[in-house]
Amino acid sequence: MFRAGVGFYALFGFGWWLLGASATSGGARIAVMIVGGAVAVGLMVAARRLLPASAGGPPPPDRRRRFFQINAAQWVLIAGVAVACGTLGVPELVAPLIALVVGLHFLPLAAVFAQPALRVPAALMSTVGVAGAAVALGGGSGESVRLMVGGLSALSLWGTAVRTVAAAAAAGAVSSGP
């Protein structure tokens, strides 16, 4: 499944990174965006080179069904958060609450895939979401909330990607080529 999930972590991490970058301006924004793109590409190249082709292949049908159900629920909740925050006039809570939803979605995935390590991004992303909500509710600027939530969410997902590749390499599951 996109080389043991690394592609998902890399690309969604990049999306969060772009959210954080939106709090910057001018040349700094461009530089931050380029760095984030390079990290995402680097992670995907590392996964392709270091993980065997079978890593993250299609799960059995029952697991695949649960994966899609969990992700469908996550996207419905994300849409609900965006609509509710917009309706209630609290757009600054969108990113933190989405980070919380994303974090919590890793808990059932950890069980479905028998991967307790997925509790780590669950804890990290959920903590980022709660902390971001606290900053927003405490009067923090929209820029500070986006920078914090976007940057820390990206680092959480990218760290999970690095751990995934490193664990496979340490276990000797390294590919001999692309």
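Note that the structure is a prediction, hence the values are computed from the model and not measured.

Definitions and cut-offs
- Residues numbered from 1 in each chain as written.
- Predicted model: local features only at pLDDT ≥ 70, side-chain atom pairs only at ≥ 80, totals over all residues.
- Heavy atoms only, no water.
- Helix = DSSP H or I, 4+ residues; strand = E, 2+ residues; numbered from the N terminus.
- Rg over C-alpha atoms; globule rule 2.2 N^0.38 Å.
- Buried < 20%, exposed > 50% of the residue type's maximum accessible area, 1.4 Å probe, protein only.
- Areas by Shrake-Rupley, 256 points an atom, 1.4 Å probe, with all protein chains shown as cover.
- Expected span 1.5 Å × (residues − 1).
- Contact = heavy atoms within 4.5 Å.
- Axes fitted to C-alpha atoms, helices over the stretch in contact; angles between N-to-C directions.
- Parallel < 35°, antiparallel > 145°, perpendicular 65-115°, else oblique.
- Left-handed = near helix turned anticlockwise from the far one by under 90°.

> A description of the overall build of the chain should follow, citing residues and the corresponding values.
Within the chain one finds 6 helices and 0 strands. Reading the chain from its N terminus to its C terminus gives the helix and strand order α-α-α-α-α-α. In summary, the chain has a C-alpha radius of gyration of 17 Å against a globular reference of 16 Å for 178 residues, a match within 12%. Based on the C-alpha atoms only, the size of the chain along its principal axes is roughly 50 × 40 × 20 Å. In the chain, buried positions account for 37% of the 178 residues. Split by element, the accessible area of the chain, about 9000 Å² in all, is 73% carbon and sulfur.

> Tell me about helix H2 (residues 26-50), residues and numbers included.
Given 3.6 residues to a turn, an α-helix orients residues that are three or four positions apart in the same direction. Helix length check: H2, at 25 residues, gives a terminal C-alpha distance of 36 Å against a target of 36 Å (1.5 Å per residue), a fit within 8%. Turning to H2, its buried residues are Gly 36, Gly 37, Ala 40, Leu 43 and Ala 47. Buried residues in H2 make contact with helix H1 (6-21) and helix H6 (142-170).

> Help me get a handle on H1, residues and values and all.
Given a rise of 1.5 Å per residue, 16 residues ought to cover 22 Å, and the 22 Å separating the end C-alpha atoms of H1 matches this to within 8%. Along H1, the positions that sit buried rather than exposed are Val 6, Gly 7, Tyr 9, Ala 10, Gly 13, Trp 16, Trp 17, Gly 20 and Ala 21. Packed against the buried residues of H1 are H2, helix H4 (94-112), helix H5 (119-137) and H6.

> Break down the side chain of His 105 for me, citing the residues and quoting the values.
Residue placement: His 105 occurs in helix H4. Take His 105: its relative accessible area is 10%, and that puts it in the buried class. In this view, His 105 contacts Ile 70, Asn 71 and Gln 74; residues no more than four positions away in its chain are not counted.

> Give a detailed account of the packing of H1 against H4, specifying residues and quantitative values.
With their axes 12 Å apart at the nearest point, H1 and H4 run at an angle of 165 degrees to one another. The pairing of H1 with H4 is recorded here as roughly antiparallel in orientation. Between H1 and H4 lies a crossing of left-handed hand. When H1 is examined against H4, the residues Tyr 9, Trp 16 and Leu 19 are found in contact with a partner set consisting of Ala 95, Ile 98, Ala 99, Val 102 and Phe 106.

> An account of unusual backbone geometry is requested, with residue identities and associated values reported.
At Ala 114, a position not held by glycine, the phi torsion is positive, near 50 degrees. Secondary-structure assignment places Ala 114 in the loop between H4 and H5. Judged by relative accessible area, Ala 114 falls into the exposed class, the value being 55%.

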